[in-house]
Amino acid sequence: MNKTIALELKNVSKYFGSVAANQHVDLTLYKGEILAVLGENGCGKTTLMNMIAGIYFPDEGKIYVDGEEVVIRSPKDAFRHGIGMIHQHFKLVDVFSASENIVLGVKDGKRFALRNVNKTVKELCGKYGFEIDPAKRIHEMSVSEKQTVEILKVLYRGADILILDEPTAVLTPQETSRLFDILRRMKEDGKAIIIITHKLHEVMAISDRVAVLRKGEHIATVNTQETNETALTEMMVGKKVSLNIARSEPVNPEKRLEVTGLTTVNADGIRVLDNVSFSVSSGEILGIAGIAGSGQRELLEAIAGLQHIDAGSIIYCDPKTGHDVNLRDKTPLQIRDLGVRLSFVPEDRLGMGLVANMNITDNMMLRSYRRGKSVFLDREKPKALAENIIKSLDVVTPGVTTPVRRLSGGNVQKVLVGREISSAPSLLMVAYPVRGLDINSSYTIYNLLNKQKESGVAVVYVGEDLDVLTELCDRIMVICSGRVTGILDGRTAVKEEIGLLMTKHDAGTREQEG
Amino acid sequence: MNLWNGILDYILSAVPLGMTFLYGSTGEILTEKSGHLNLGIPGIMCVGAAGGCAAIQALHPAGTVHPALVVLIAVLAAFLAGGLMGMLYSFLTVTLHANQNVTGLALTTFGVGLMKFIMSKLSSVKYLYALPYFRYPFAESESSLKYCGVLFFFAILLALVCSYVLLKTRVGLHLRAVGENPATADAVGINVFLYKYVATVIGSGIAGLGGLYYIMDYAGSQEAYLSIEAMGWLSIALVIFALWKPHISLIGSAVFGALFIAGAYIPGIRELHVSMSSTPLLKMLPYVFTVLVLIVISIRNKRENQPPGALGVNYYREER
C-alpha cells in the first residue's frame, strides 16, 4: 500500500521544570488513517498533542509536516500547516451562532458576510455528514452539537490533520457512533486523524493504528488489527514496580460507611455517578482507581455534603453511639453537627482545602472557628496546632504566619492533611494526596494514612498511580464513567486487571439524559 | 403656556439633551464590548469638555479662524483628551491587570477634579464665543430645530455606525468575541490586547465628545460643566437600558433626556397640575427608572440581552 506521511515527530521532548512530560517521542501519522493515542492519566498524551497544535513548544526534537520540518509556536502556526485540534474543553463563544464561531478569527481577505459562511458550513456538513443549523446559538446546543461546531471550525480553516482530545468522553454511545461515521468519512477524504482516548473498545473500533504512551515515553505503535485489548492494557500500565509501602492487616474492621445506589446527574444531564454502591470499614484503606474524571471527585463531594444527590443513600455508622445516620442531602455543617467525624482532603488543595492568602494558623481555624463562646477569636490553640503540625510533619516554612501560597506543593499538602487528621476523624477521605509531591513527601503521606488506619479510621484513598494503590490499599474499587466496575482485594489485585476495569465501558447501555 | 406647547418644548429640550447620554453610552458600549467596565466615563466626559473648551479658548480671538475649523479642532481636542484618559485606563487594566472598578472610579474622581480646575482657569468669554459655530446652521433660525447643532447629528451618526460595525463586520465580531470569551478569541488568533486597547481608547474619545457637546451645543453656559458628572453616571445606566446596542441607545437617550429634565419642565406645564414642590422627586426619575430597567432585564434573563460574558474580568493569557 502506498501511504504518504502527513505528520512526523522525531525525538520530541517536553519538560515542565524537572518533570519530563514527554521524552524522546517518535510518532508517524499517514494520510487517510486514524491513529489512536492511548495511555494512562498523566502519560503525556495531551502534552504531546498540544505541542503539535502549537500550545506548547517542544524542548527538543523535530516536527515534520508533509516531509518538511516546521516550527509551530502558536495555534495560528499550526493552522497554517493544516493542523487543527479539537480540545476536550470547547473554546466557543456562547452567545454566538455556530457560523459566527466558525468564522471567528479567519482572515481570508474576502468581504465578511455571514450568508457565505452559512453556505460553506452547509457544504461541509453535506460532505462529511454533520447535522447542524449554522444559525443556532451555542448556548442552545447539546454537547455533541458543540463538538460538531469545534470540528467544523477546524475544517473551515482547511485543516488536513485533525487531533481530537478525548472526543467521546462527553458523548452518549449513539452520538459516539455517529462521530465515528464522520471520522471514517474524513479518513476516506484523505484527512489524517489522531484521536486520544482511554476507551479500549473505541480504539479497536475506530483506529487503524495505536500508539501507546506510558510515563511520557512512546512504548510502541501497533496495527489495530494485530492487537487486542489485553495486549494494549499491558503496554499501557507496564511492569509492576515495587514501592515497599508498609501495609498492616486491618484490625477489628467494623462497617463505618455504606453507600448504596448513589446517582448524581450534572448540569449537562450526564450521569457522573451511576448507581454506585460500596462500603468502607474502620481500620482499612479503600482505594478508588479510575481514569481522571470518572466521578471520583463527585463521589467524595457527595459524601462530604457538597454535591447534589439524585438517588441513593449514604449511611454512616457512628462508632460512639452505634446509630446509623443518613448523610444524604445534608450540608457539611449539618453533617458535623450530627457528630459525624468526617475529614476530607480535596483534590484542589488551594481552592477547596486551604485559603492560599491566609497563614497557617488561620487555615487551621477554618476548621475550628465555631468553637469558643467569646466574640473574639481564640488564636492560641490553632497556633499550637499549627506549630505541632510543622514539627511533626517536617513542614518547611519560615513560621506559622507565612501565607500558605508561599509553601511548596508538598508542604501545602502536609498542612492540609495535618489539619484534617488533627480533628481525629473516624472517616478520612483523601483525593490524589501525593499529586505533585516528591518521593519523600509521598512516603510521609502514606505513613500518615497507615497510622490513621491502624488507629481505626476508615480511609478512602483516591489515587492515580496503580503501583501505589496495589501496595497501600486493602481493597480497591475501580470506577469507570461513574460506575463501579469492580472491587478487588488490594493484596491480590494486579495492575492489568485494574487497567482493564478502568476502561470497561459497556457500550450501548447508557441512555441519553435530558 | 398651553399644554401642547409645553409638551413640545419639553420634548425639544429632552431629545437634544439626550445626545449627551448617547455620546457617553456609545463610548461605554464599545469599551464594555471588549470586556472592560469603564466607570471612569463621567470623568472622561468631564476631561473631554475641558479639553474642547481649552482648545476653543486657544483659538480666541474669534474671526481669525474659520468657524468650521474651530468646531473641528474642539472636537479633535475633546476626543484626544477622552482618548488619553482611555489610554490610561487601558494601561492600568489591560496591561497591569488593575481592578477595573477601582481604576474607573479613580479616573472619574480625577477627571472631575481636573475639569473643575481647567474650567476655573478658562475665561468663559473666550470659549463661549464659539456657541453659534456649534449650533450652525440653525443658530439664527426661529424653527424648532434651533436646538440642534452639528454635534447633535454627529451623535446619531456615530451610534448608527457603531451598531453597524459591532453587528455586521468582522472587526465587530472579533470585538464581541473578545468581550465574551477572550481565551477563545485568543486561541483563534485574535489580538485580544489590541482590541481591548483600541475599543477603550475610541470609546473614551467618543465619551469625551459628550462633555463638549453638553457645554458647547446643548447648555451653552458657564456653569454647565457642573452637571456633566451626573450625566456620565446616567450614560453608564443607559448602556444597560440599551442592552449593549448603540441603536437602541438612540431611543434610550431621548427617554433618559426626558427623565433628566422632568423636574425642570413638568411643574412648569400648568395643565398637568404638578406642584413645584415635587421637583426633587421628579429629579429622582432617571435613577428609579434605571433600577426598574435592571430588575426587568434580570427577570427576563434572556441570554442575548446579558452583559458581555467577560465584562469586568481582566484577561490573563495562560502560560505557554
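Residues numbered from 1 in each chain as written. Chains lettered and ligands numbered in written order. Predicted model: local features only at pLDDT ≥ 70, side-chain atom pairs only at ≥ 80, totals over all residues. Heavy atoms only, no water.

Now for the side chain of S426(A). All names here are of chain A. Along the chain, the position of S426 falls in the loop between α14 (409-422) and β17 (427-431). The class for S426 is buried, based on a relative accessible area of 3%. With residues up to four places along the chain from it excluded, the contact list for S426 reads R256, Y316, P319, R341, V457 and A458. (Helix = DSSP H or I, 4+ residues; strand = E, 2+ residues; numbered from the N terminus. Buried < 20%, exposed > 50% of the residue type's maximum accessible area, 1.4 Å probe, protein only. Contact = heavy atoms within 4.5 Å.)

For the rest of this paragraph, the subject is the interface of chain B and chain A. Opposite the 17 residues of chain B that make contact, chain A presents 25 residues. Where chain B abuts chain A, roughly 2100 Å² becomes buried across the two surfaces, and 60% of that area is made up of carbon and sulfur atoms. Between R176(B) and E100(A) there is a salt bridge, with its nearest N and O atoms 3.5 Å apart. Broken down by secondary-structure element, the contributors of at least two residues to the side of chain B that touches chain A are α8 (170-180) and α9 (182-187) of chain B. With 6 residues, α8(B) is the largest single contributor of residues to the side of chain B that touches chain A. Each residue belonging to the side of chain B that touches chain A can be placed in one class, and the counts come to 5 nonpolar, 5 polar and 7 charged. (Buried area = accessible area lost by both parts, 1.4 Å probe. Salt bridge = Lys/Arg side-chain N within 4 Å of Asp/Glu carboxyl O. Nonpolar A, V, L, I, M, F, W, Y, C, P; charged D, E, K, R; others polar.)

Turning our eyes to something else, we now look at the pattern of salt bridges. Residues and elements named next belong to chain A. Going through the model one piece at a time under the given rule, you end up with 26 salt bridges over all chains. With its nearest N and O atoms 2.7 Å apart, the salt bridge here joins E284 to R475. Separated by 191 residues along the polypeptide, E284 in the loop between β12 (271-281) and β13 (285-289) and R475 in strand β19 (residues 475-480) bring together distant segments of the chain. Residue D467 is joined to K495 by a salt bridge in which the shortest nitrogen-to-oxygen separation is 3.1 Å. Of the two residues, D467 sits in helix α16 (residues 466-472) while K495 sits in helix α17 (residues 495-502), which places them 28 residues apart along the sequence. Grouping residues by exposure puts D467 and K495 together as buried. Three or more residues joined by partner-sharing salt bridges are found here, namely E249, K453, D474 and R491.

Averaged over chain A, the pLDDT score is 87; the fraction of residues at 70 or greater is 97%. Predicted confidence for residues 507-514 of chain A stays below pLDDT 50, and this span has 12 contacts to residues more than four positions away or in other chains. (pLDDT = per-residue confidence, 0-100.)

Okay, the sheet that holds strand β14 (residues 311-317) of chain A next. All names here are of chain A. The strand order across the open sheet built from 4 strands is β12-β11-β14-β15, with neighbouring strands paired in antiparallel fashion. Lying at the two open borders of the sheet, with one neighbouring strand each, are β12 and β15 (324-326). Direction aside, neighbouring strands of the sheet carry axes that sit 20° apart on average. When β14 meets β15, the two strands line up antiparallel, connected through 3 bridges. Its bridge partner lying in β15, C317 is registered against D324. Docked against the sheet, helix α9 (residues 296-304) engages β11 (255-265), β12 and β14, running at close to 65° with respect to β12. (Pairing = 2+ DSSP bridges. Axes fitted to C-alpha atoms, helices over the stretch in contact; angles between N-to-C directions.)

A word on the nonpolar core. With 138 residues, the main nonpolar core has L183(A), M186(A), I215(B) and M216(B) as its most contacted residues. Among the elements that make up this core, the one with the highest residue count is helix α10 (residues 192-219) of chain B (12 residues). In contact with I215(B), not counting residues within four places along its chain, are A49(B), C53(B), M119(B), Y127(B), L131(B), G220(B), S221(B), A224(B), Y225(B) and I228(B). Of all hydrophobic cores here, the second largest spans 45 residues; its members include I285(A), I291(A), L448(A) and V478(A). (Core = buried A, V, L, I, M, F, W, Y, C linked by side-chain atoms within 4.5 Å.)

So, about the packing of aromatic side chains. Counting across every chain of the model gives 14 aromatic pairs over all chains. Between F21(B) and F260(B), the ring centres sit 5.7 Å apart and the planes meet at 80°, which makes this aromatic pair edge-to-face. In this pair, F21(B) sits in helix α1 (residues 3-33) while F260(B) sits in helix α12 (residues 246-260), placing the two residues 239 residues apart along the sequence. An aromatic cluster is present here, built from F21(B), F241(B), F256(B), F260(B) and F289(B) joined pairwise through their rings. Residue placement shows K10(A) over the ring face of Y64(A); its charged tip is 4.9 Å from the ring centre. (Phe/Tyr/Trp six-rings, centres within 6.5 Å; stacked < 30°, edge-to-face > 60°. Lys NZ or Arg CZ within 6 Å of the ring centre and 35° of its normal.)

Glancing now at a nonpolar patch on the surface. Residue and element names in this part refer to chain B. Residues L281, M284, V288, V291, L292, I295 and I299 make up a contiguous nonpolar surface patch of about 670 Å² in total accessible area. Element by element, the count of residues in the nonpolar patch is highest for helix α15 (residues 285-300), at 5 residues. Along the chain, V291 falls in helix α15. (Patch = residues over 30% accessible without salt bridge, like charges linked within 9 Å, V, L, I, M, F, W, Y side chains within 5 Å. Areas by Shrake-Rupley, 256 points an atom, 1.4 Å probe, with all protein chains shown as cover.)

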